[in-house]
Every structure is written in C-alpha cells, then in structure tokens.
Amino acid sequence: MTDPRLPHSPDLLVIYSDINCSFAHLAVHRLHEERARLGLTGRIWFDHRAFPLELFNQAVNSRPGVDSEVAVVGALAPEAGWRLWREPDWTYPVTMLPALEAVQAAKAQGWQASALLDRSLRRAFWAEHRCISLQSVILEVAAETGGIDVSHLEAALVSGVFRSEVIEQFRTAQNREAVKCSPHVFLADGTSEPNPGVRARWVNGEFGIGFPVIEADDPTVITKLVRRTAELAGL
C-alpha cells in the first residue's frame, strides 16, 4: 500500500504544517534558504500539506501561546520575519483554513506557485500582521507575489474544490504516530523529520499558559533533507 504521507515523486519534499505555527515558519524559511544556497531552486520542490491545529484542538490556536513563541523561536532566524501582534485584536485571524486551502489551490498552477503563496502568507501573518483568514487578504498577498494567476486562484477558492484536500490531509495527519506535529517533513525514501533540527519544551505551563525553551537547534538537519531530496531526484 502506498504511504499517503510521502511525496509523489523523488524531487518533492513534503511539509505537513499549519501557517500560524512558529516552528513551521522557521522550518519553511530555512528550507527555502537552504534550497537556494545549494542552487536547487527550480530543481527540487516543496509539497505543502495541511496540519490544521484548529481542527486538532477544535479551537482557535491560542494567541497567548503564539505570542509566547515569537521571541524564542524567532531568535533562531530573525530574518524570517517576526513581530508581536500590534494590530487591533478584532483583526487577529480566527482561522487558517482559508489560507491552507489557498495553498492547495495554488498547486493547480504548479509547485512553485503553491510554495510561493505559502511562504508569502506566513510572512503576511508573522511579520506584517494581516488577517489571512479573509479571502480578500489572501488574494492581495497572492497578487503581491507576482507569480500567481490571481483570477484562477479566486475561482478555485469560490468553487471550494480544494477544500477537500485540506480535510483529506488532516485525516492523514490525525494518526499522530504517522504525522507527529507541525512541521513534519517527509522524503520519497521514507525519511521522516518532525520539527527538523529543533527540540523544545514548555515551562510554567503548556502552550497558551507557559513559554517554550529551545533545548536543541541543529540547522544542518535542514541541509541534509534538502541534499537527500536532490540525491533521490538524481541531481
């Protein structure tokens, strides 16, 4: 039986994640940067899949929890773009499902378009404090990339045809032995790296109450994942 977690081709690297997960923002940033540094942009690709925390928790991802991570996780790669939320409280995104759906919809325009939109939406949330729950904001972000056909993306979002992709990916991820967290990276040879290179624990309470402490941070794990994908692709 085919493992639904794995890429469909060896030149793909699968990333299960949520957009408002700080550890995922860090991992995605590092993956993009390392792929570019190794000269592999346009040669290996990122297949983003949804790990919707709000469906796992049946609640909005806690803003106190998210805020508590910014200084700690952000310090590992400040250049990725981070700020504590400074906009009015009522503009804070209540759901990430429309943004996750948009990333799936952008795959119809290619892996590059999907990854470009994913990264831009992360930056729009973490650095620019835009309400990416709104379709209008998602389309604005898409237009600003310069690499996405916005009219086609809008038509896909209106039809809702890619909504089922998010739910199917969530159902795969519900097996927490198979997909452990956001982010979790998979390669075509079965390589599996949850929260690649980073190990953290919470003190003075769990997420939303306490704060994270980084126990280990090894960016070379990202390098190994990118290099291994290139090897699998025969590059």
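Scoring rules and cut-offs
- Here the residue numbers are simple positions, counted from 1 along each chain's written sequence.
- Owing to the predicted nature of the model, reporting of local features is limited to residues with pLDDT of at least 70; listing and counting of side-chain atom pairs is limited to 80 or more, with chain, interface and lining totals taken over all residues.
- Heavy atoms throughout the structure, all of them, feed into the side-chain values; hydrogens and water do not.
- Strands are runs of DSSP state E lasting at least 2 residues, helices are runs of H or I lasting at least 4, and numbering of each runs from the N terminus.
- Whether a residue is buried, partly exposed or exposed follows from its accessible area with a 1.4 Å probe, protein chains only, as a fraction of its type maximum: under 20%, in between, or over 50%, in that order.
- Computed with the Shrake-Rupley method and a 1.4 Å probe, the accessible areas treat only the protein chains shown as cover for residues.
- Charge assignment in this entry is limited to Lys and Arg as positive and Asp and Glu as negative, and neither His nor the chain termini are counted.
- By convention, the charge on Lys lies at NZ, on Arg at CZ, on Asp at CG and on Glu at CD.
- A pairing counts as a salt bridge when a side-chain nitrogen of Lys or Arg comes within 4 Å of a carboxyl oxygen of Asp or Glu.
- Every residue pair with non-hydrogen atoms within 4.5 Å of one another is taken to be in contact.
- Between N or O atoms, a polar contact is any pair within 3.5 Å; within protein, one atom must be a potential hydrogen donor and the other a potential acceptor, and residues adjacent in sequence are included only when both atoms are from side chains.
- Centres within 6.5 Å make a pair out of two Phe, Tyr or Trp rings, where for Trp the six-membered ring is used; the pair is then stacked when the planes are under 30 degrees apart, edge-to-face when over 60, and tilted otherwise.
- By the criterion adopted, a ring carries a charge over it if an Arg CZ or a Lys NZ lies within 6 Å of its centre and within 35 degrees of its normal.
- Pairing between strands is defined by DSSP: at least two bridges between them are needed.
- Working convention: axes come from line fits to C-alpha atoms, limited for helices to the stretch in contact. Angles between N-to-C directions cover 0 to 180 degrees.
- When two cysteine sulfur atoms lie within 2.5 Å, the pair is treated as a disulfide.
- By nonpolar core we mean a set of buried residues, namely Ala, Val, Leu, Ile, Met, Phe, Trp, Tyr and Cys, connected to one another through side-chain atoms within 4.5 Å.

J.: Explain the overall build of the protein to me, please; I cannot follow it from the model alone.
T.: Per the secondary structure count, the protein includes 9 helices and 6 strands. C-alpha atoms of the protein, sized along the principal axes, occupy 50 × 45 × 35 Å. Residues classed as buried in the protein amount to 49% of the 235 residues present. Carbon and sulfur atoms form 52% of the exposed surface of the protein, whose accessible area is close to 10,800 Å². Separation between the mean location of the 23 positive side-chain charges and that of the 29 negative ones in the protein comes to 4 Å.

J.: Sorry if this is basic, but what is going on with the pattern of salt bridges here?
T.: Note on pairing: side chains with opposite charge can pair once their charged atoms come close. Within this structure, the stated rule accounts for 17 salt bridges. For the salt bridge of Arg-30 with Asp-217, the shortest nitrogen-to-oxygen distance reads 2.8 Å. A residue pair is termed long-range when its members are at least 10 positions apart, and Arg-30 in helix H1 (residues 22-37) and Asp-217 in strand S6 (residues 211-217) qualify at 187 residues. On the basis of relative accessible area, Arg-30 is assigned to the buried category, the value being 12%. For Lys-107, the salt bridge is made with Asp-47, and the minimal N-O distance between the two is 2.6 Å. Residue Lys-107 is found in the loop between helix H4 (97-106) and helix H5 (111-126), and its partner Asp-47 is found in strand S2 (residues 45-50); the two are separated by 60 residues along the sequence. Given the relative accessible area of 2%, Asp-47 is considered buried. One network of salt bridges, in which partners are shared, links Glu-128, Arg-130, Glu-140 and Glu-144.

J.: Which parts of the structure should I look at to understand the environment of Val-60?
T.: Looking at where Val-60 falls in the secondary structure, it is placed in the loop between helix H2 (53-57) and helix H3 (63-74). Considered as a pair, Val-60 and Pro-183 are 123 residues apart in the sequence and their alpha carbons are 18 Å apart. Not counting residues up to four positions away in its chain, the partners in contact with Val-60 are Pro-93 and Val-94.

J.: Which parts of the structure should I look at to understand the side chain of His-29?
T.: Positionally, His-29 belongs in helix H1. A distance of 3.1 Å separates a polar atom in the side chain of His-29 from a polar atom in the side chain of Arg-119. Beyond its immediate chain neighbours, meaning those up to four positions away, His-29 contacts Ala-77, Glu-79, Ala-80 and Arg-119.

J.: What is the right way to read the packing of aromatic side chains from this model?
T.: Geometrically, a pair of aromatic rings is defined through the distance of the ring centres and the angle of the planes. Throughout the structure, instances matching the rule amount to 9 aromatic pairs. Between the aromatic rings of Trp-85 and Tyr-92, the centroid separation amounts to 4.9 Å while the plane-to-plane angle is 75°, which identifies the pairing as edge-to-face. Judged by its relative accessible area of 7%, Trp-85 falls in the buried class. Joined through ring pairs, the aromatic side chains of Trp-82, Trp-85, Tyr-92, Phe-125 and Trp-126 make up one cluster. Geometry around Phe-46 places Arg-35 over its ring, the cationic atom sitting 4.1 Å from the centre.

J.: Which parts of the structure should I look at to understand the sheet that holds strand S4 (residues 192-194)?
T.: Within a beta sheet, neighbouring strands are joined by backbone hydrogen bonds and run either parallel or antiparallel to one another. An order of S2-S1-S3-S4 is seen for the 4 strands of this open sheet, with the pairing classed as mixed. Unpaired on one side and paired on the other, S2 and S4 mark the two borders of the sheet. Between one strand and the next, the sheet's axes are offset by a mean angle of 20°, whatever the strand orientation. With 3 bridges joining them, strand S3 (residues 184-186) and S4 adopt antiparallel strand pairing.

J.: Would you explain the state of the cysteines in this entry?
T.: Working definition of a disulfide: a covalent bond connecting the sulfur atoms of two cysteines. Inspection of the entire model under this criterion finds 0 disulfides. Lacking any disulfide linkage, Cys-21 is separated from the closest cysteine sulfur, that of Cys-181, by 7.6 Å. Cys-21 sits in the buried class, given a relative accessible area of 8%. Looking at Cys-131, it has no disulfide partner, and the nearest cysteine sulfur is the one in Cys-21, 19 Å off.

J.: In this structure, what is going on with the nonpolar core? I would like to understand it.
T.: Generally speaking, a soluble globular protein has its nonpolar side chains buried in company with each other. If you look at the biggest cluster of nonpolar residues, it comprises 48 residues, and the most contacted ones within it are Ile-19, Leu-117, Leu-121, Phe-125, Ile-132 and Leu-153. Of all the secondary-structure elements, those providing two or more residues to this core are strand S1 (12-17), H1, H3, H4, H5, helix H6 (135-145), helix H7 (150-159) and helix H8 (163-173). When near neighbours in sequence (up to four residues on either side) are disregarded, Leu-121 contacts Ile-19, Ala-99, Val-103, Ile-132, Ile-138 and Val-141. One finds Ile-15, Val-28, Leu-40 and Ala-115 within the second-largest nonpolar core, a separate group that totals 15 residues.

J.: Looking at this structure, how should I read the environment of Gly-234?
T.: Tracing the chain through its elements places Gly-234 in the segment after helix H9 (220-232). Assessed through its relative accessible area of 65%, Gly-234 is described here as exposed. Residues Gly-234 and Asp-11, 223 residues apart in the sequence, show an inter-C-alpha distance of 8.4 Å.

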